[in-house]
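Each chain, letter by letter, is given below.
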Number of protein chains: 2
Amino acid sequence: MRIDVKQCADILSKQDNILILTHAHPDGDTLGSGFALCRALMKIGKICAVINADEIPKKYSYLYDDIAPIKFKQDYVVAVDVATPNLLGDLDGQYHIDMCIDHHSTNTEYADNLLLKDVPAACQLMLEVIKELGAEIDEKIAGCLYTGLTTDTGCFRYASTTADTYRAAAELIDLGADNGKINRIMFETKTKTYARLERLALDSMRFYENERVAVITITQEMYRLTGSNEQETEAIAPLTRQIEGVEIGITIREKPDGTSKASIRTFESVNAAELAKSFGGGGHAQAAACRFDCSVKEARERLVEKCGEFLNDRNNLC
Amino acid sequence: MRIDVKQCADILSKQDNILILTHAHPDGDTLGSGFALCRALMKIGKICAVINADEIPKKYSYLYDDIAPIKFKQDYVVAVDVATPNLLGDLDGQYHIDMCIDHHSTNTEYADNLLLKDVPAACQLMLEVIKELGAEIDEKIAGCLYTGLTTDTGCFRYASTTADTYRAAAELIDLGADNGKINRIMFETKTKTYARLERLALDSMRFYENERVAVITITQEMYRLTGSNEQETEAIAPLTRQIEGVEIGITIREKPDGTSKASIRTFESVNAAELAKSFGGGGHAQAAACRFDCSVKEARERLVEKCGEFLNDRNNLC
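In this text the structure is predicted, and so the values were computed from the model without any measurement.

All names here are of chain B. Looking at helix H1 (residues 5-14), one finds that the buried residues are Val5, Cys8, Ala9 and Leu12. Along the axis of H1, the buried positions cluster into a sector of 95°, meaning they face one direction only. In this structure aspartate 4 caps H1, since a side-chain oxygen of it lies 3.2 Å from the backbone nitrogen of lysine 6.

Spelled out as structure tokens, the structure:
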């Protein structure tokens with residue numbers, strides 16, 4: 001069932017012992033919206049907690065470091081920024097999910113659903129929910145919500161960022177969000193291991209199809225040399241598409257078992273999801289992924305060949 | 001003489017044949033505020049033009065590509081985003097400057113001065129001036145102003161970005177600024193020559209003082225190998241400071257005559273301007289520069305030694 005912001009707040013007001021689920025491989029938007037909601041519900045007297053299937057990266061600790069852990073039996077379960085239950089990772093199937101608050105166009109509407117597909121971050125939606133709940137937005141809640149806004153919009157850079165997103169950011173800064181500090185943590189800090197990996201990744205970049213395709217390959221050996229890991233590879237994928245003239249940017253990483261996974265980034269001229277689909281993968285129009293049962297070199301050959309077909313076939317315009 | 005926004009608009013309303021000067025090595029804020037003012041003045045019937053001492057990088061062409069060049073004898077001269085006349089480059093001394101609209105704390109107040117030091121971009125101030133002028137803000141003017149806001153704040157990332165900056169951005173998007181396109185041009189596009197230079201620059205990075213100092217060195221040979229140039233080096237400087245644990249990030253580039261120039265980036269723990277001052281340079285607390293009459297290697301040695309002193313002398317806290 002679809003619900004609106006007011007219905008969402010009304011339902012939550014009547015519940016107690018509320019468990020909030022966030023998606024696996026957590027990012028700033030799922031954690032920011034989860035902890036903001038948790039803090040707001042606690043302010044209006046609810047027992048509440050946020051859980052995640054995976055370890056939360058240390059850089060997000062300011063979102064929750066003053067919340068004491070609490071054990072309780074949940075009466076109500078809310079998933080935030082979770083498009084489908086299988087994105088919950090190991091938490092999938094462990095709870096009956098009563099409500100979902102999300103902004104993904106791929107949302108499968110698996111619960112009472114507050115879904116706004118045209119907002120670029122769940123936190124933008126959560127700000128409205130918390131205002132409707134009547135909870136005071138202190139600087140901690142403002143910081144949580146700002147974190148989701150900035151991380152899901154690439155620091156307000158992506159085309160999905162709307163005037164309302166900027167207005168929400170202004171409101172949250174007025175309420176005490178430390179935008180300078182949050183953006184420095186999220187966008188200005190590379191671990192030494194990531195910095196080393198990035199350097200090797202850039203060294204590995206090769207161009208094809210008149211330099212319209214750029215491919216980075218990352219091997220297990222590179223993780224060993226740099227002390228980095230697969231999780232840190234996520235930040236590499238956008239680098240390929242930033243080169244002038246590149247229409248398809250691909251990052252292929254070697255899995256521990258010798259197979260490969262490719263992340264594909266494009267602009268309007270090529271549909272990344274269609275390209276990934278050729279190899280059994282999927283995703284969005286400008287960001288998609290697929291897997292290969294072969295080495296990174298062979299995956300690169302197969303992908304580059306397919307890129308050539310796509311670039312020469314203007315019927316694949318998004 | 002200091003003037004306020006209303007006085008500034010009143011004076012401009014009474015002038016005609018207005019020449020707008022922008023600073024040399026032009027950036028998005030000087031060009032954005034200059035062309036926004038020019039367009040607004042043209043809308044209220046003024047003859048007006050923007051000039052710059054240097055060639056304007058191609059990526060800014062959307063700011064002015066529909067403005068027909070015009071020759072006229074100026075009756076009134078306005079400098080925008082120009083802290084001191086010598087930043088005008090070859091235009092310095094060629095005109096009597098009647099008015100200055102700026103936001104730099106280092107402004108030397110060389111004309112009738114509309115100066116707001118706590119706004120992070122001249123364009124934020126210019127939006128107020130244009131509203132006071134009563135000119136209609138069309139999507140071209142909105143795009144010019146948004147360009148300055150986003151470039152001078154590192155896409156709304158720097159700590160100097162205020163709630164009012166976000167509100168101004170929201171207003172400009174409502175008025176038609178194409179934020180997605182502008183940010184893609186400004187932040188998501190690297191020239192191939194820059195990408196090659198960046199790779200060599202990262203390869204050259206060395207760490208000192210328990211990895212609290214990172215130094216990149218760029219030689220003339222690297223420009224030759226990559227087809228890049230000194231202008232493109234500006235974007236390299238912030239990379240050093242992004243590494244976790246680094247307190248002082250330095251980029252030293254070799255000049256054509258074999259001397260060197262260092263760009264210093266720090267966080268709160270070290271005053272970059274003080275460090276640069278040790279070598280006859282200067283700048284801001286977290287971004288400064290100085291020159292050396294020696295090779296990049298020798299400059300690196302001298303700088304690293306001085307960094308050690310600064311890091312060990314906590315009296316240099318900003």
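Now that the structure has been shown, the text picks up again.
Each partner contributes to the interface: chain A provides 39 residues, whereas chain B provides 39 residues. Taking both partners together, chain A and chain B bury about 3,700 Å²; carbon and sulfur atoms supply 51% of that area. Our count for the contact surface shared by chain A and chain B stands at 10 salt bridges. In this structure, Asp174(B) engages Arg167(A) in a salt bridge whose closest nitrogen and oxygen atoms are separated by 2.9 Å. The interface formed by chain A and chain B holds 21 residue pairs in polar contact (both at pLDDT 80 or more) in total. Where the side of chain A that touches chain B is concerned, the elements lending two or more residues are helix H5 (163-174), helix H6 (179-187) and helix H7 (192-203) of chain A.

Residue and element names in this part refer to chain B. Counting buried positions along strand S8 (residues 248-254) yields 6 of 7 residues, so the element is predominantly enclosed. Judged from the 6 bridges that link them, strand S7 (residues 213-218) and S8 form a sheet pairing that is parallel. From the neighbouring strand, threonine 217 faces S8, where its bridge partner is isoleucine 252. In the sheet, S8 pairs with strand S9 (residues 260-266) via 7 bridges, with the strands oriented antiparallel. If you follow arginine 253 over to S9, its bridge partner there is lysine 261. Between S8 and S9, which follow one another and run antiparallel, lie 5 residues, and glycine 258 among them has a positive phi close to 90°.

Time to look at the packing of aromatic side chains. All names here are of chain B. With the rule as written, the count across this model stands at 13 aromatic pairs over all chains. Considering the side-chain rings of tyrosine 146 and phenylalanine 156, the 5.7 Å spacing of their centres and the 45° angle between planes classify their relative orientation as tilted. Separated by 10 residues along the polypeptide, tyrosine 146 in helix H4 (residues 139-152) and phenylalanine 156 in the loop between H4 and helix H5 (163-174) bring together distant segments of the chain. In this structure phenylalanine 156 comes out as buried when scored by relative accessible area, which is 0%. With a centroid separation of 5.6 Å and an interplanar angle of 40°, the aromatic rings of phenylalanine 156 and tyrosine 166 are classed as tilted. Highlighted residues: phenylalanine 156 in the loop between H4 and H5 and tyrosine 166 in helix H5, separated in sequence by 10 residues.

Residue and element names in this part refer to chain A. Judged by how many residues are buried, strand S9 (residues 260-266) sits mostly within the fold: 7 of 7 residues are covered. Along S9, one buried face is formed by Ser260, Ala262, Ile264 and Thr266 and the opposite face, lined by Lys261, Ser263 and Arg265, is buried too. Bridging between S9 and strand S11 (residues 287-292) involves 6 bridges; their strand directions are antiparallel. What sits directly across from isoleucine 264, in S11, is alanine 288.

Residue and element names in this part refer to chain B. The 5 strands are arranged S2-S1-S3-S4-S5 in an open sheet whose pairing can be described as parallel. Edge positions in the open sheet fall to strand S2 (48-51) and strand S5 (112-115), since each of these has one partner strand only. Along the sheet, successive strands turn relative to each other by an average axial angle of 20°, direction set aside. With 4 bridges connecting them, strand S4 (residues 99-102) and S5 associate as parallel partners. Within S5, the position partnered with cysteine 100 by the bridge is asparagine 113. Along the sheet, helix H2 (residues 28-43) makes contact with strand S1 (18-22), S2, strand S3 (76-80) and S4, crossing S1 at roughly 170°.

Calculation notes
Residues numbered from 1 in each chain as written. Chains lettered and ligands numbered in written order. Predicted model: local features only at pLDDT ≥ 70, side-chain atom pairs only at ≥ 80, totals over all residues. Heavy atoms only, no water. Buried < 20%, exposed > 50% of the residue type's maximum accessible area, 1.4 Å probe, protein only. Helix = DSSP H or I, 4+ residues; strand = E, 2+ residues; numbered from the N terminus. Arc of directions from axis to C-beta. Polar contact = N/O pair within 3.5 Å; in protein donor to acceptor, adjacent residues only side chain to side chain. Contact = heavy atoms within 4.5 Å. Buried area = accessible area lost by both parts, 1.4 Å probe. Salt bridge = Lys/Arg side-chain N within 4 Å of Asp/Glu carboxyl O. Pairing = 2+ DSSP bridges. Phe/Tyr/Trp six-rings, centres within 6.5 Å; stacked < 30°, edge-to-face > 60°. Axes fitted to C-alpha atoms, helices over the stretch in contact; angles between N-to-C directions.

That is the geometry; function is a separate question.
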